[in-house]
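One-letter residues, chain by chain:
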Amino acid sequence: MRFALLYGLLIWLPQNLAAQGQLAISEGTFFQSFDNVSLNIDDTELLTDGELIGTNSNIFISSNFAQTNLGGEGNNHFGRLYLYSPNGEFLLVNSIEINDLLELNESSLNLGSADLMFPSEGGHLEGETNEFRVYSKDGGKIIKTTTLNKPQNVSPGNLGFSMSSNENLGLTEIHRIHSSTTLPSGEGISKTFELYTDKNPSSPLNISISYFDTEAKNMDYEPQIWMLENTGEWTHVRTSSERNSDTQSNRVSANISEPALTYTVGPEKIYPVDISSIPTAFTPNGDGTNDTFLIPFIDEDFNGRVTIISRWGDVIYSSDNYYDAPWDGLYKGKLMPTATYYYVVSFGSDQRNEIKGNISIVR
């Protein structure tokens, strides 16, 4: 059965309305519901060429079809939208606004080329899992608008991007883009975030990005947060990560000293290791030349650890910040004697890859 609301009609929705087949709102039609109204739609497409205003209503759509269209050429404003389609997915035909909640119940939403917008403070997304989530292969994105004043571990819209800042950022838009990025270390996850703030942060920003396993099919190495610099180059930052095996989800966090606009997650940086370039000796005598044990390939983004061990097996130096504080030959404030020592360079947060060698102090 096809329900059609024709041109020029002004419709107020009753307390409860159920529809099956196709619910079509024709061009020029204004369709409005008020507080606590429920619209239940089973195996039905909701196509709007007019205007649907349901900012304070509950709309439940369930479908057994492989694909169910949602939207239309008109304006769609929902309060709370609940989607259920365990055997298929919903396809967003045109951009929609959701005032309060979009809940996925064993259902995926393909945005296509349309946008899903949460324009109010309370608008958010729930119900995403490793199997069911919002995605797009054609440029559709989620846009969340909010005001952030000194946010502390806030996740606007529950989109998988949380942040903390000691500054008032003002009116903020977060865009979630559903495509992977080619990074210097390989392919990133199929999720990228853009952060637009009214006031550009001048102090460090702590961010976390969450993603599911199915969004990181090519992640062969430890995940890192990458950000797009003003130069157009992608750089990665020192990252901590955690995994939830039950939900097949991952969360990576980083402290960003110079905040950028665009962030994603990708494999850790692969360092071109040439062992022959590592010095075999240095002279810590305070003359300003060769006073520290410098390892050429370690840069400020190095996410690993360097350990120095004496010939007796004692750890005399260990640091995960080697770029800023390379070993100067001291142990507990005293210069170590002329001898051969052993170094271990571990790569990645889990230190699963490492290289070893000898380094001598000479005078």
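Figured I'd write up the structure that's included with this text. (Residues numbered from 1 in each chain as written. Predicted model: local features only at pLDDT ≥ 70, side-chain atom pairs only at ≥ 80, totals over all residues. Heavy atoms only, no water.)

1. Overview of the sheet that holds strand 27 (residues 281-282)
- Pairing within the open sheet is mixed, and its five strands lie in the order 27-33-32-28-29. Sheet topology places strand 27 and strand 29 (315-319) at the edges, where each strand pairs with a single neighbour.
- Taken together, the six bridges between strand 28 (residues 304-309) and strand 32 (residues 339-347) define a ladder with antiparallel strand orientation. Within strand 32, the residue paired with T307 across the bridge is V344. (Pairing = 2+ DSSP bridges. Helix = DSSP H or I, 4+ residues; strand = E, 2+ residues; numbered from the N terminus.)

2. Here we look at the packing of aromatic side chains
- As enumerated under the stated definition, the model contains eleven aromatic pairs in all.
- For the ring pair F161 and Y263, a centre distance of 6.1 Å and an interplane angle of 40° mean the geometry is tilted. Taken as a pair, F161 in strand 16 (residues 161-164) and Y263 in strand 26 (residues 262-267) lie far apart in primary sequence, 102 residues in all.
- In this structure F161 comes out as buried when scored by relative accessible area, which is 2%. (Phe/Tyr/Trp six-rings, centres within 6.5 Å; stacked < 30°, edge-to-face > 60°. Buried < 20%, exposed > 50% of the residue type's maximum accessible area, 1.4 Å probe, protein only.)

3. Quick notes on the sheet that holds strand 21 (residues 205-212)
- With antiparallel pairing, the four strands of this open sheet are ordered in space as 16-21-25-24. Pairing within the sheet leaves two strands with one partner each, and these edge strands are strand 16 and strand 24 (240-244). Sheet twist, expressed as the mean angle between neighbouring strand axes with direction ignored, is 15°. (Axes fitted to C-alpha atoms, helices over the stretch in contact; angles between N-to-C directions.)

4. Side note on the environment of G79
- Looking at where G79 falls in the secondary structure, it is placed in strand 8 (residues 75-84).
- With relative accessibility at 0%, the residue G79 sits in the buried group.
- Residues G79 and N99, 20 residues apart in the sequence, show an inter-C-alpha distance of 4.8 Å.

5. Regarding the nonpolar core
- Residues L81, L83, L102, L109, L116 and Y263 are the most contacted members of the largest nonpolar core, which totals 43 residues.
- Discounting residues that sit within four places of it in the chain, L116 has contacts with L92, I96, I98, L102, L109, L111, K141, I142 and I143. (Core = buried A, V, L, I, M, F, W, Y, C linked by side-chain atoms within 4.5 Å. Contact = heavy atoms within 4.5 Å.)

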